[in-house]
Amino acid sequence: MTDKDTTVISRTVTRIVVPLILLLAIALLLQGHNLPGGGFIAGVLTVAAFALIYIIFGLSYLEEELLHRRPESSLDVIQPRIVEDYRGMFATGLILAAGSGIVAMTVGFPFLTQAVLFVYDVPIYHEIELASALVFDLGVYFVVVGALLTILGVVGAE
Amino acid sequence: MSGVVAATSAPAPDTQALLAVLALPFIGAALVPVVYRALGERTAYYAAAIALFCFALVATQYGRVGAVTIPWIPELGVSLTLYVDGLSLLIGFLASGVGVLILTYSGGYMHGEPGQAKYYASLLAFMGSMLGVAFAADLIALFVFWELTSISSFMLIGHYQRKRSSQYAARKSMIITVAGGLFMLIGFLLLHALSAGAIGEATFTLVGTEGAMIENADAMNEALRSSGLLVPVIALIGVGAAAKSAQVPLHIWLPNAMEAPTPVSAFLHSATMVKAGVYLVGRFRPLLVGDEWMLIFATLGLITMTVAALLAVGATDIKELLAYSTASHLGLIIAGFGFANELGAETGAFHILNHAVFKAALFLVAGIIAHEAGTRLISDLGGLRKDLPIVAGITAVAALGMAGFPPFNGFYSKELLFEAAYEVAAHAGGLWWVFPAVAVFGSIFTFLYSIKFLSLFFGDKPDGLGEVHSPPWTMLAPPLLLAGIALVISISPQTAIDTIVQSVFESAIPAHGPGEEVHHMTIGLPTKLKPAVIMSAITIAVGAVAWPFYDRLHAGVNALTDVKYLRANWYYDNAVYGLTSASQLSMPQVQTGLVRTYVTWALAAVSVLALSAYLAAGAALPAFTGIGLGIPIVLVLLVAVVGAVAVSIAPSHIAGVLTLSILGFMVAVFFVLANAPDLALTQLVIETLVLVIFLLVLDKLPAYYGTARRAVAARDAVLSAVVGATVFLTVLLSTAATPDDPIYTYFIERAGIPEEHGPLLVDYGGGGNIVNVILVDFRAFDTMGEIAVVAMAALSVLTLIAMRGRGERG
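So, how was this worked out
- In this numbering scheme, every chain counts its residues from 1 along its sequence in written order.
- All chains are assigned letters beginning with A, and all ligands numbers beginning with 1, in the order in which they are written.
- Residue-level local features of this predicted model are given only where pLDDT is at least 70; pairs of side-chain atoms are given and counted only at 80 or more, and the full residue set underlies all totals for whole chains, interfaces and linings.
- Side-chain calculation: all heavy atoms of the structure are included, whereas hydrogens and water are not.
- Numbered from the N terminus, helices here are DSSP runs of H or I no shorter than four residues, and strands are runs of E no shorter than two.
- Residue exposure (1.4 Å probe, protein chains only): buried if accessible area is under 20% of the type maximum, exposed if over 50%, otherwise partly exposed.
- Throughout, a residue-residue contact means that at least one pair of heavy atoms, one from each residue, lies within 4.5 Å.
- Accessible areas in this description were obtained via Shrake-Rupley with a 1.4 Å probe; residue shielding takes into account the shown protein chains only.
- Charged residues are defined here as Lys and Arg on the positive side and Asp and Glu on the negative side; His and the ends of the chain fall outside this count.
- Here the site of a charge means atom NZ of a Lys, CZ of an Arg, CG of an Asp or CD of a Glu.
- In short, DSSP must find at least two bridges between two strands for them to pair.
- We define buried area as the total accessible area lost by two parts upon association, computed with a 1.4 Å probe and summed across both.
- Just to be clear on terms, a salt bridge is a Lys or Arg side-chain nitrogen sitting within 4 Å of an Asp or Glu carboxyl oxygen.
- Any pair of N or O atoms that falls within 3.5 Å is considered a polar contact. Within protein, one atom must be able to donate a hydrogen and the other to accept it, and sequence-neighbouring residues count only if both atoms are side-chain atoms.
- Lines fitted to the C-alpha atoms define the axes, with helices restricted to the stretch that makes contact. Angles between their N-to-C directions range from 0 to 180 degrees.
- With respect to orientation, any angle under 35 degrees is reported as roughly parallel, any angle over 145 as roughly antiparallel, any angle of 65 to 115 as roughly perpendicular, and every other angle as oblique.
- Note on convention: the crossing is left-handed when the near helix lies turned anticlockwise from the far helix by less than a right angle, right-handed when the turn is clockwise.
- The classification used treats Ala, Val, Leu, Ile, Met, Phe, Trp, Tyr, Cys and Pro as nonpolar, Asp, Glu, Lys and Arg as charged, and all other residues, Gly among them, as polar.
- Residue types Ala, Val, Leu, Ile, Met, Phe, Trp, Tyr and Cys, when buried and joined through side-chain atoms within 4.5 Å, form a set referred to as a nonpolar core.
- Known as pLDDT, the predictor's per-residue confidence is scaled from 0 to 100.
- By this rule the span expected of a helix is its residue count minus one, scaled by 1.5 Å.
- Each aromatic pair joins two rings of Phe, Tyr and Trp (for Trp, the six-membered one) with centres within 6.5 Å, and gets the label stacked for planes under 30 degrees apart, edge-to-face for over 60, and tilted for any other angle.
- Patch membership is restricted to residues that have no salt bridge and whose relative accessible area is over 30%. Joining uses 9 Å for like charges and 5 Å for the nonpolar side chains Val, Leu, Ile, Met, Phe, Trp and Tyr.

**Let's talk about the overall build of chain B**
Thinking step 1. When helices and strands are tallied, chain B shows 31 helices and three strands.
Thinking step 2. Dimensions along the principal axes, computed over C-alpha positions, put chain B at roughly 100 × 65 × 60 Å.
Thinking step 3. Among the 810 residues that make up chain B, the fraction classed as buried is 50%.
Thinking step 4. The long-range fraction of contacts in chain B, counting pairs at least 24 apart against all pairs at least 6 apart in sequence, stands at 77%.
Thinking step 5. Split by element, the accessible area of chain B, about 36,100 Å² in all, is 68% carbon and sulfur.
Thinking step 6. Computing the positive centroid from 37 side-chain charges and the negative centroid from 49, chain B places the two 16 Å apart.

Structure representation (structure tokens):
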């Protein structure tokens, strides 16, 4: 797929829409505990945004224009270097998710026990509810984003 | 119902000693590789020392009766209950005592043989398993040890692992004995299931404790009878016992097992492993004995005794002769235990001991002959008396015992069999007279082949046979000792009775109250002309008359077994090779390398299994109560159906993907209408992403489908219909159930924030979105597994695609 195929309209729309999608994804991730949303949905939505960039601008655009990397060897064409970043991402996600469970073990609860902490007297909000589950959800988010983008990147490079 | 009388008077067994008996052989086996590096061939004596120690430990339990329980899997009621009484002690003595002799003998016999470390390790492991079978009173533990004996004997029979015949023999014995064990396991599980109603509490314990099955034999029997499971249970346990003890028609593995080194044959195939089946029959006798029991086991035993004796006459190889003779004598023991009177129990109890002693000695003799004369063919042997005088003496004592010739040991137990059979016939009359007749008929052939074996030592030496050397003392002492024991039993059978056989007999008869007098066995040479004496006389007289015609009988038996339909082996081979070729034929159909073939088979198999399970369970469709859905939902679903139809008739990939996403988005709308915003959101996002990915891939695919062949299309249509019906049914059936205590109440209660709460919550999810709270809190471990799968999928895509073409060609 080359970027010659896409029209100005689609590129402009993508430019505007992608940040909105990412913002929405983050909102979904954070509100997941009380409203529809959560790590999985947010992750898939983020991947959708990236997929849009891939389709409209092509695979190398992200790497060359946004991250200012140049392919250094012929291998990079077969397997884009950014895939390594994705791999790191889902590894981080797994560590985060498992780590949030292990923390509970160190305090003497079974693996993956989650807790909710209420913090009072916060300016503006007055009361904030901090759920340890959010860390776990963040792990889920990173795994989904990293894994799906890896697949997308590798399959797309084909 | 009271316990076994001895349980109250005799001292209880020692837990540590029993555990040590079971653990020592296995620990010893694990250490063999290390020991072998240090000792080399003298590992035999190390192993013999372990066996001797076990023997000593078993001996310390002599005279004790009772059970000790060690918890194993308390959640399932499985424990390592060990029970000591006459029967288990006798088998324990045989396993460890004969083990000592066999291991010593192996030191001489296995000189220069390959794979000795493996040999001794397997022998020790086998001995441990056999001791486990003897002492385990818990059915599951018994089963585990039972199958362990099969596995270790597989290793031993296949000792010469490069030889095709060894492989065949090992596989055969494994298939038959392990499969038999599985039948037995079903019987055990049925007993366990029934014990819940009969005793009040489901138990796996067979004997020895208050709530054990044999202690509640009457209640168990009642339950078995009323549920109609008595005969099935007897038959299932009978199959296990028959497979292990080589009863017709499952005897076929025993002659092949002679591929094993001779000490193994002596140990496994005469004294111990084959005794496991006999032991099982003796052990279950108090629980299940009755008319059905007698019909099954007396018939099985007598048929085996006769058929195997005939086959032994047809044998051309000395080990083959002994193998068939073993099956025949095991049949005698099974028939003994089968007869429902006390004489039957006496027969079984006494003959276990007699047979182990004379047959182990004879196998060791066969090993000496094979080792020193270099041949095992009966026709090549003769006149060995001059070269092997001591061996000739041993053989005379053992073979005459085997023949049942008075006053040698086998005579007494065979007399008991005759008496038992006669008493049954005299009591019931009619067709039961077949039992004593068959017993005599079979014994005639037993007499004949025993004399044949003995005759190897007499007459002239055949020309081909060179000088036969005397064996080393390590090989001579064990059979000599066994023959000595046989001689002691022959001269004074009452000593053997008082020492151990009486207590074995007591183990094999139904429980008796504390005040009741137990019949005491008395054995001696007959002084009156009893029917059994006449039967013995007939046996010996006919045998003596038939002796000159032995060669003709031999040829006759072989002519019969040349008819392939009369050979059990023919059926076995055809079944096994038939299965092999059937699986080879089906390979190209199942494993084509095409994903669509795999999907076809997998979907078809799952659907058929699920549907037949519904059919078997008699699942009924829930009554149709009308559509409880609002009009909007029905409309959305209708559009979805239209989309599904459109997918199947879409002319191109693009159209197919687009119509598929209509279906997907309609499902999302359905979720919205059904108050599941989380699911709807997920469905929408996934649908979008899938659409995008499809568009990425479609670029590479041809624009149009080819036209499918009619047959393939028909197959696919049938398959999709079946899969659809299965899913439809599954949904209907699984949603029909309305449990009293649904799991969601817990989640609804616990997901949110309680009205009064402290600053820290651990028990509650503390979130408004139950779906998400379940995902990240209550079922976080599931989610953890799922994201691990997602990561794994990404890794495998990386490996499959990105690593492709990077060398690493196989």
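**Things to note about the overall build of chain A**
Thinking step 1. For chain A, the count of helices and strands is six helices and two strands.
Thinking step 2. Across chain A, helices and strands are ordered from the amino to the carboxyl terminus as α-α-α-α-α-β-β-α.
Thinking step 3. With 158 residues in all, chain A has 41% of them scored as buried.
Thinking step 4. Working note: accessible area of chain A is about 8,200 Å², and carbon and sulfur atoms make up 69% of it.

**Regarding the sheet that holds strand S2 (residues 126–131) of chain A**
Thinking step 1. What the three strands build is an open sheet, ordered S2(A)-S1(A)-S3(B); its pairing is antiparallel. Pairing within the sheet leaves two strands with one partner each, and these edge strands are S2 of chain A together with strand S3 (760–761) of chain B.
Thinking step 2. As judged from the two bridges shared by strand S1 (residues 116–122) of chain A and S3(B), these two strands associate in the antiparallel manner. Bridge pairing in S3(B) places Val116(A) opposite Leu761(B).

**Some points on the environment of Leu635(B)**
Residue and element names in this part refer to chain B.
Thinking step 1. If you trace the backbone, Leu635 turns up in helix H25 (residues 631–649).
Thinking step 2. On the basis of relative accessibility, which here comes to 51%, the residue Leu635 falls in the exposed class.
Thinking step 3. The spatial distance from the C-alpha of Leu635 to the C-alpha of Ile70 is 65 Å, given a sequence separation of 565 residues.

**A look at the side chain of Thr539(B)**
Thinking step 1. With respect to the secondary-structure elements, Thr539(B) resides in helix H21 (residues 531–546).
Thinking step 2. Excluding residues that lie within four positions of it along the chain, Thr539(B) makes contacts with Lys414(B), Phe418(B), Val440(B), Ser443(B) and Ile444(B).

**Here's the deal with the interface of chain A and chain B**
Thinking step 1. The interface of chain A with chain B comprises 50 residues on the first partner and 46 residues on the second.
Thinking step 2. Of the roughly 4,200 Å² buried where chain A meets chain B, counting both sides, 77% is carbon and sulfur surface.
Thinking step 3. Applying the counting criterion to the chain A and chain B interface returns zero salt bridges.
Thinking step 4. Our count for the contact surface shared by chain A and chain B stands at six residue pairs in polar contact (both at pLDDT 80 or more).
Thinking step 5. Secondary structure elements with two or more residues in the side of chain A that touches chain B: helix H2 (39–57), helix H5 (82–106), S1 and helix H6 (133–157) of chain A.
Thinking step 6. Ranked by the residues each element gives to the side of chain A that touches chain B, the list is headed by H6(A), at twelve residues.

**Considering the packing of helix H3 (residues 43–60) of chain B against helix H4 (residues 86–109) of chain B**
Residue and element names in this part refer to chain B.
Thinking step 1. Interhelical geometry of H3 versus H4 gives an angle of 160° and a closest axis separation of 8 Å. Taken together, H3 and H4 sit at an angle that is classed as roughly antiparallel. Crossing angle aside, the handedness with which H3 passes H4 is left-handed. Here H3 contributes Ala44, Tyr45, Ala47, Ala48, Ala51, Leu52, Cys54, Phe55, Val58 and Ala59 to the contact with H4, which in turn contributes Leu89, Gly92, Phe93, Ser96, Gly97, Gly99, Val100, Leu103, Thr104 and Gly107.
Thinking step 2. Its residues assigned to classes, the contact of H3 with H4 comprises 14 nonpolar, six polar and no charged.

**Looking at the pairing of S1(A)**
Residues and elements named next belong to chain A.
Thinking step 1. The pairing of S1 with S2 spans six bridges and is classified as antiparallel. Bridge pairing links Tyr120 to Glu127 in S2.
Thinking step 2. In this antiparallel pair of consecutive strands, S1 and S2, the connection spans three residues, and Ile124 shows a positive phi of 65°.

**Describing the nonpolar core**
Thinking step 1. Counting residues in each nonpolar core, the largest one holds 216 residues, and the members touching the most others are Phe135(B), Phe284(B), Leu287(B), Leu288(B) and Phe339(B).
Thinking step 2. With 19 residues, helix H15 (residues 342–373) of chain B is the single largest residue contributor to this core.
Thinking step 3. With residues up to four places along the chain from it excluded, the contact list for Phe339(B) reads Arg285(B), Met294(B), Ala298(B), Leu302(B), Gly344(B), Leu417(B), Ala420(B), Ala421(B), Val424(B) and Phe435(B).
Thinking step 4. Residues Ile82(A), Val83(A), Ile787(B) and Val797(B) belong to the second largest nonpolar core, which totals 50 residues.

**Examining the confidence of the model for chain B**
Residues and elements named next belong to chain B.
Thinking step 1. Across chain B, the average pLDDT comes to 86, with 95% of residues at 70 or higher.
Thinking step 2. A low-confidence stretch, residues 1–7 (pLDDT under 50), is modelled with 20 contacts involving residues beyond four sequence positions or located in other chains.
Thinking step 3. The ipTM assigned to the predicted complex is 0.86, against a pTM of 0.73.

**Focus on helix H26 (residues 653–673) of chain B**
Residue and element names in this part refer to chain B.
Thinking step 1. Its 21 residues give H26 an end-to-end C-alpha distance of 30 Å, which sits within 8% of 30 Å, the value for a rise of 1.5 Å per residue.
Thinking step 2. For H26, every residue scored as buried is listed here: His653, Gly656, Val657, Thr659, Ser661, Gly664, Ala668 and Phe671.
Thinking step 3. Looking at the buried positions of H26, the neighbouring elements they touch are H25 and helix H27 (677–698).
Thinking step 4. One or two positions beyond H26, positive phi appears at Asn675, with a value near 60°.

**A few points about the pattern of salt bridges**
Residues and elements named next belong to chain B.
Thinking step 1. In this structure the tally under the stated criterion is eight salt bridges over all chains.
Thinking step 2. Note that Glu292 is salt-bridged to Arg225, the shortest N-O span being 2.9 Å. Of the two residues, Glu292 is situated in helix H13 (residues 291–313) and Arg225 in helix H8 (residues 217–226); the sequence distance between them amounts to 67 residues.
Thinking step 3. Since its relative accessible area comes to 24%, Glu292 is described here as partly exposed.
Thinking step 4. For Arg225, a relative accessible area of 43% gives the class partly exposed.

**Structural notes on unusual backbone geometry**
All names here are of chain B.
Thinking step 1. With omega at 0°, the peptide bond leading from Val248 into Pro249 counts as cis.
Thinking step 2. For Pro249, the position within the fold is in the loop between helix H9 (230–244) and helix H10 (253–256).
Thinking step 3. In this structure, the amide linkage connecting Pro406 to the following residue, Pro407, adopts the cis form with an omega of 5°.
Thinking step 4. Tracing the backbone shows Pro407 in the loop between helix H16 (389–403) and helix H17 (409–428).
Thinking step 5. In this model, Asn675 sits at a positive phi of 60°, which is unusual for a non-glycine residue.

**As for the packing of aromatic side chains**
Residue and element names in this part refer to chain B.
Thinking step 1. Scanning the model with the defined rule gives 21 aromatic pairs over all chains in all.
Thinking step 2. Seen from their ring centres, Tyr119 and Tyr120 are 5.1 Å apart, and the 80° between their planes marks the pair as edge-to-face. The pair Tyr119 / Tyr120 is uniform in exposure class, with both members buried.
Thinking step 3. Through a chain of ring-to-ring contacts, the aromatic side chains of Phe339, Trp432 and Phe435 assemble into a single cluster.

**Notes on a nonpolar patch on the surface**
All names here are of chain B.
Thinking step 1. A grouping of Leu629, Ile631, Val634, Leu635, Leu637 and Leu638 is seen on the molecular surface, where their side chains present a nonpolar patch of about 530 Å² in accessible area.
Thinking step 2. Mapped onto the fold, Leu637 is located in helix H25.
Thinking step 3. With a relative accessible area of 33%, Leu637 lands in the partly exposed category.

**Describing H27(B)**
Thinking step 1. With 22 residues, H27(B) extends 31 Å between its outermost C-alpha atoms, agreeing within 8% with the 32 Å of an ideal straight helix rising 1.5 Å per residue.
Thinking step 2. Those residues of H27(B) that sit buried are Asp678(B), Ala680(B), Thr682(B), Val685(B), Glu687(B), Leu689(B), Val692(B), Leu696(B) and Leu698(B).

**Observations regarding the confidence of the model for chain A**
Thinking step 1. Taken residue by residue, chain A gives an average pLDDT of 80. The fraction at 70 or more is 86%.
Thinking step 2. No element of chain A has a lower mean pLDDT than helix H4 (residues 75–78) of chain A, which averages 53, and none a higher one than helix H1 (residues 8–31) of chain A, which averages 89.

**So, the environment of Leu732(B)**
All names here are of chain B.
Thinking step 1. Here Leu732 lies in helix H28 (residues 710–736).
Thinking step 2. On the accessibility criterion, Leu732 (28% relative accessible area) is partly exposed.
Thinking step 3. The spatial distance from the C-alpha of Leu732 to the C-alpha of Pro622 is 7.3 Å, given a sequence separation of 110 residues.
Thinking step 4. Beyond its immediate stretch of four places on either side in the chain, Leu732 contacts Leu621 and Pro622.

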